[in-house]
Amino acid sequence: NVARSIVELKSKSSQMIPLLIRTKERERFLLFADTAYVHFDPTIVVLEKSPLKKVDAQSDLYGLTIGWSLNGVYPDLLKHPQIRISESSMLDWESSNMKLLAAERLDAVYFSSSATALYFAKSISAPVRIIALPTPHIKLYAAFALGQENLRDRYNAIARQAFAEHDFDIFMKEYVS
């Protein structure tokens, strides 16, 4: 999960994580790639029987308890006193949150990626609905432990070539379909 990955990068027991949201706070103790080559579209998963059909405004989410990952960054849309974010510390937080949704102990589960939401929606037997959130794309960067400047620079050079033809986007669309 995100919390564990950050602890491992801080302690230098890991050298890098390929996808992480870049924040001012994280820039204090991590190195980031020059460019975010991966962009995700935030979504929530609700049970099919949920009265929530779509989200047009923050107020549509008032009163909901939404599952997410401990120390994960989520959009400002979800930051309101009338929206409760239940942060899971489980290593397999996605599966754990989906089980809680199926058991009706969560109203929704947040995913930064519609592809991830679709993948984990198939993991439970309950019928679900995936709802896009009206937020900007999330930019994900490769992140590196301090002292890994050479690895970051190598990544930057390789990633420029690897992502030049948008192969990742093409692969994700084919995989999800």
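Presented here is an overview of the structure given in this document. Source: prediction; values computed, not measured. (Residues numbered from 1 in each chain as written. Predicted model: local features only at pLDDT ≥ 70, side-chain atom pairs only at ≥ 80, totals over all residues. Heavy atoms only, no water.)

1. Comments concerning helix 5 (residues 149–162)
Consideration 1: Helix length check: helix 5, at 14 residues, gives a terminal C-alpha distance of 20 Å against a target of 20 Å (1.5 Å per residue), a fit within 8%.
Consideration 2: Along helix 5, the residues classified as buried are L151, R152, N156 and A159. Relative to the axis of helix 5, the buried residues are bounded by an arc of 140 degrees and lie together on one face. Those residues of helix 5 that are exposed and aimed more than 90 degrees away from the buried face are N150, R154, I158 and Q161.
Consideration 3: Looking at the buried side of helix 5, the elements it contacts are strand 1 (16–21), strand 2 (30–32) and strand 9 (138–145). (Helix = DSSP H or I, 4+ residues; strand = E, 2+ residues; numbered from the N terminus. Expected span 1.5 Å × (residues − 1). Buried < 20%, exposed > 50% of the residue type's maximum accessible area, 1.4 Å probe, protein only. Arc of directions from axis to C-beta. Contact = heavy atoms within 4.5 Å.)

2. Examining the pairing of strand 5 (residues 65–69)
Consideration 1: Counted residue by residue, strand 5 has five buried out of five residues, so it is predominantly covered.
Consideration 2: Burial of strand 5 is two-sided: the residues T65, G67 and S69 facing one way and the residues I66 and W68 facing the other way are all buried.
Consideration 3: The pairing of strand 5 with strand 6 (residues 84–88) spans five bridges and is classified as parallel. Bridge pairing in strand 6 links T65 to R84.
Consideration 4: Strand direction decides the pairing type here: strand 5 and strand 7 (residues 108–111), joined by two bridges, are parallel. Pairing of I66 across the sheet is with A108, part of strand 7. (Pairing = 2+ DSSP bridges.)

3. Re the sheet that holds strand 4 (residues 43–47)
Consideration 1: The five strands lie next to each other as 6-5-7-4-8, forming an open sheet whose pairing is mixed. Across the chains shown, the open sheet's two edge strands, defined by having one partner strand only, are strand 6 and strand 8 (128–132). When strand polarity is set aside, the average angle formed by the axes of neighbouring strands in this sheet is 30 degrees.
Consideration 2: Strands in contact with helix 4 (residues 114–121) are strand 4, strand 7 and strand 8; relative to strand 8, the strand with the most contacts, it is inclined by about 175 degrees. (Axes fitted to C-alpha atoms, helices over the stretch in contact; angles between N-to-C directions.)

4. Looking at the pattern of salt bridges
Consideration 1: Within this structure, the stated rule accounts for seven salt bridges.
Consideration 2: Taking the shortest distance from any N to any O, the salt bridge between R4 and E8 comes out at 3.6 Å. Residue R4 and its partner E8 are located together in helix 1 (residues 2–11), separated by four residues, close to a single helical turn.
Consideration 3: Among the residues examined, R4 registers a relative accessible area of 46% and is labelled partly exposed.
Consideration 4: For E8, a relative accessible area of 28% puts it in the partly exposed group.
Consideration 5: Close ionic contact of K49 with E104 constitutes a salt bridge, the shortest N to O distance being 2.5 Å. Highlighted residues: K49 in the loop between strand 4 and strand 5 and E104 in the loop between helix 3 (93–102) and strand 7, separated in sequence by 55 residues.
Consideration 6: Judged by its relative accessible area of 61%, K49 falls in the exposed class. (Salt bridge = Lys/Arg side-chain N within 4 Å of Asp/Glu carboxyl O.)

5. Details of the side chain of N97
Consideration 1: Positionally, N97 belongs in helix 3.
Consideration 2: With a relative accessible area of 2%, N97 lands in the buried category.
Consideration 3: In this structure, N97 is in contact with G67, W68, S88, L106 and V109, ignoring residues within four places of it in sequence.

6. Topic: the packing of aromatic side chains
Consideration 1: Counted according to the given criterion, the structure contains eight aromatic pairs.
Consideration 2: Note on W68 and Y110: the rings are 4.6 Å apart at their centroids and 75 degrees apart in plane angle, and the pair reads as edge-to-face. With W68 in strand 5 and Y110 in strand 7, this pair connects stretches of sequence that are 42 residues apart.
Consideration 3: Judged by its relative accessible area of 6%, W68 is buried. (Phe/Tyr/Trp six-rings, centres within 6.5 Å; stacked < 30°, edge-to-face > 60°.)

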